Amino acid sequence: MDTAFLITSFATLFVIIDPIGLLPIFIALTPGMPAAQRRSVAIRACAVGFGVLALFAFFGEAVLGFIGISMPAFRIAGGALLFLTALDMLFERRTKRREDQAHESEEYDSSNDPSVFPMGIPLIAGPGSIATVILLSGQTPGIQGTFLVLGVALAVIISAILLFLAGGILERALGKVGINVVTRLLGMLLAALSIQFILDGLKAFGFAS
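Just so you know, the residues in each chain are numbered from 1, in the order the chain's sequence is written. Per-residue local features of the predicted model are confined to residues with pLDDT of at least 70, and side-chain atom pairs are confined, for both listing and counting, to 80 or more; whole-chain, interface and lining totals are unaffected and use all residues. Based on all heavy atoms of the structure, the side-chain values leave hydrogens and waters out of the count.

### Points about the overall build of the protein chain
As a reminder of what qualifies: By the criteria applied, helices consist of DSSP H or I runs no shorter than four residues and strands consist of E runs no shorter than two, each listed in order from the N terminus. Summary of the burial criterion: residues with accessible area below 20% of their type's maximum are buried, those above 50% are exposed, and those between are partly exposed, where the area comes from a 1.4 Å probe applied to protein chains only. Between two residues, a contact is recorded if the distance between any of their heavy atoms is within 4.5 Å. For the area figures, the Shrake-Rupley method with a 1.4 Å probe applies, and any residue is considered shielded solely by the protein chains shown.
The helix and strand tally for the protein chain stands at 9 helices and 0 strands. For the protein chain, the N- to C-terminal ordering of α and β elements is α-α-α-α-α-α-α-α-α. Every one of the 209 residues in the protein chain was classed for burial, and the buried ones make up 46%. The long-range fraction of contacts in the protein chain, counting pairs at least 24 apart against all pairs at least 6 apart in sequence, stands at 86%. Accessible area for the protein chain stands at about 10500 Å²; split by element, carbon and sulfur atoms hold 69% of it.

This is the structure:
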């Protein structure tokens, strides 16, 4: 088991899913809910997100092969997508977009249950996290590698559940400024990781040594 790969995979998925950045959105989507109901929403949202990520971990590369897209090409495209996500985090554009999606969910769901939309999809299992899962699964061929990536994804999802359940406490401890600082730091880390994905893709094509 490659410890460096596990650490890098966890860091990448954690930054992409960004449970800390999702925390204020989750709190805003569950105002005044009893603790038991809020816990149910958190668990259901994370289960939906993990289910979608697992689906793409198993079948994403096969779908790419069917439509004629190579893994190096997808790695470069995925790295570019992650870099744009990092820019959004650094300049606070992603937070605004997530808040807009949260407002859209209030109009769409009359029962006001945000667990499937927008929490599960697209905030947890969105384009960035789906692309990341496919990229990581492509770096570890075979069923064992896929389960390894899913284990890392599950660890990130569990951390998200724990953060959501402790939302009130963490919100008071970090405050708006604290969450802002953490999001910016995660954005810097993601920018570096996305460049590494692009370099790996170029290397696979023979453009870099």
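Following the structure, the description resumes.
### So, a nonpolar patch on the surface
The condition is simple: Here a patch means residues that are over 30% exposed by relative accessible area and free of salt bridges, tied together within 9 Å if like-charged and within 5 Å if nonpolar (Val, Leu, Ile, Met, Phe, Trp, Tyr). When a carboxyl oxygen of Asp or Glu lies within 4 Å of a side-chain nitrogen of Lys or Arg, that pair is called a salt bridge.
The grouping of L55, F56, F58, F59, V63, F66, I67, I69, I143 and F147 at the surface amounts to a nonpolar patch, some 1000 Å² of accessible area in total. Those elements that place two or more of their residues in the nonpolar patch are α3 (35-66) and α8 (143-165). If you tally residues by element for the nonpolar patch, the top one is α3, at 6 residues. Tracing the sequence through the fold places I69 in the loop between α3 and α4 (71-90).

### Re the nonpolar core
Put simply, the test is: Only buried residues count toward a nonpolar core, which is a set of Ala, Val, Leu, Ile, Met, Phe, Trp, Tyr and Cys residues joined through side-chain atoms within 4.5 Å.
Judged by nonpolar contacts, the single largest core of 52 residues is most densely connected at L13, I17, C46, M119, I124, F164 and L190. Among the elements of the structure, α1 (3-17), α2 (19-29), α3, α4, α6 (115-124), α7 (127-139), α8 and α9 (167-205) are those that each provide at least two residues to this core. Of the residues forming this core, the biggest block, 10 residues, is contributed by α8.

### With respect to the packing of α4 against α7
We count it as follows: Only the contacting stretch of a helix is used when fitting its axis, a line to C-alpha atoms as for every element, and angles between N-to-C directions run 0 to 180 degrees. When the near helix sits turned anticlockwise from the far one by under a right angle, the crossing is termed left-handed; a clockwise turn instead gives a right-handed crossing. Throughout, the ten residues Ala, Val, Leu, Ile, Met, Phe, Trp, Tyr, Cys and Pro are labelled nonpolar, Asp, Glu, Lys and Arg are labelled charged, and all others, Gly among them, are labelled polar.
It is at 10 Å that the axes of α4 and α7 come closest, and there the two elements cross at 145 degrees. Relative to α7, the crossing made by α4 is left-handed. Contact residues: α4 offers M71, F74, R75, G78, G79, L81 and L82, while α7 offers P127, G128, A131, T132, I134, L135, G138 and Q139. Broken down by class, the residue content of the contact of α4 with α7 amounts to 8 nonpolar, 6 polar and 1 charged.

### Remarks on unusual backbone geometry
Cis geometry is adopted by the peptide bond preceding P118, which originates at F117 and carries an omega value of 10 degrees. Along the chain, the position of P118 falls in helix α6. In this structure, D18 takes a positive phi of about 55 degrees despite not being glycine. You can see D18 is positioned in the loop between α1 and α2.

### Looking at the confidence of the model for the protein chain
Just so we agree on the cut-off: Scored between 0 and 100, pLDDT is the confidence that the predictor attaches to each residue.
Looking at the protein chain as a whole, the pLDDT averages 82, with 87% of positions reaching at least 70. Across the protein chain, the element-wise mean pLDDT spans from 56 in helix α5 (residues 93-108) up to 93 in α8.

### With respect to α3
For clarity, the cut-off: To estimate the expected span of a helix, subtract one from its residue number and multiply by 1.5 Å. Note on bend: at a given residue it equals the angle between the axes fitted to the 7 residues ending there and to the 7 starting there.
For α3, which comprises 32 residues, the first-to-last C-alpha distance of 46 Å matches the rise-based estimate of 46 Å (1.5 Å per residue) to within 8%. The axis of α3 is deflected most strongly, by about 50 degrees, at F59. The inward-facing, buried residues of α3 abut α1, α2, α4, α6, α7 and α8. Directly after α3, the chain includes G68, whose backbone phi takes a positive value near 85 degrees.

### Quick notes on α7
A rise of 1.5 Å per residue sets the reference length of α7, with its 13 residues, at 18 Å; its end C-alpha atoms lie 19 Å apart and thus fit the reference within 8%. α7 sits mainly inside the fold: 11 of its 13 residues count as buried. Among the residues making up α7, those that are buried are G128, S129, I130, A131, T132, V133, I134, L135, L136, S137 and G138.

### Regarding the packing of aromatic side chains
The line we're drawing: Working definition: rings of Phe, Tyr and Trp (its six-membered ring) pair if their centres are within 6.5 Å, and the pair is stacked with planes under 30 degrees apart, edge-to-face with planes over 60 apart, and tilted otherwise.
Scanning the entire structure with this criterion turns up 5 aromatic pairs. Ring centres 6.4 Å apart and planes at 50 degrees place the aromatic pair F58 and F59 in the tilted group. Note on F58: relative accessible area 34%, which makes it partly exposed. Aromatic pair F58 and F147: ring centres 5.5 Å apart, planes at 75 degrees, arrangement edge-to-face. Residue F58 is found in helix α3, and its partner F147 is found in helix α8; the two are separated by 89 residues along the sequence. What links up through ring pairs into an aromatic cluster is the set F58, F59 and F147.

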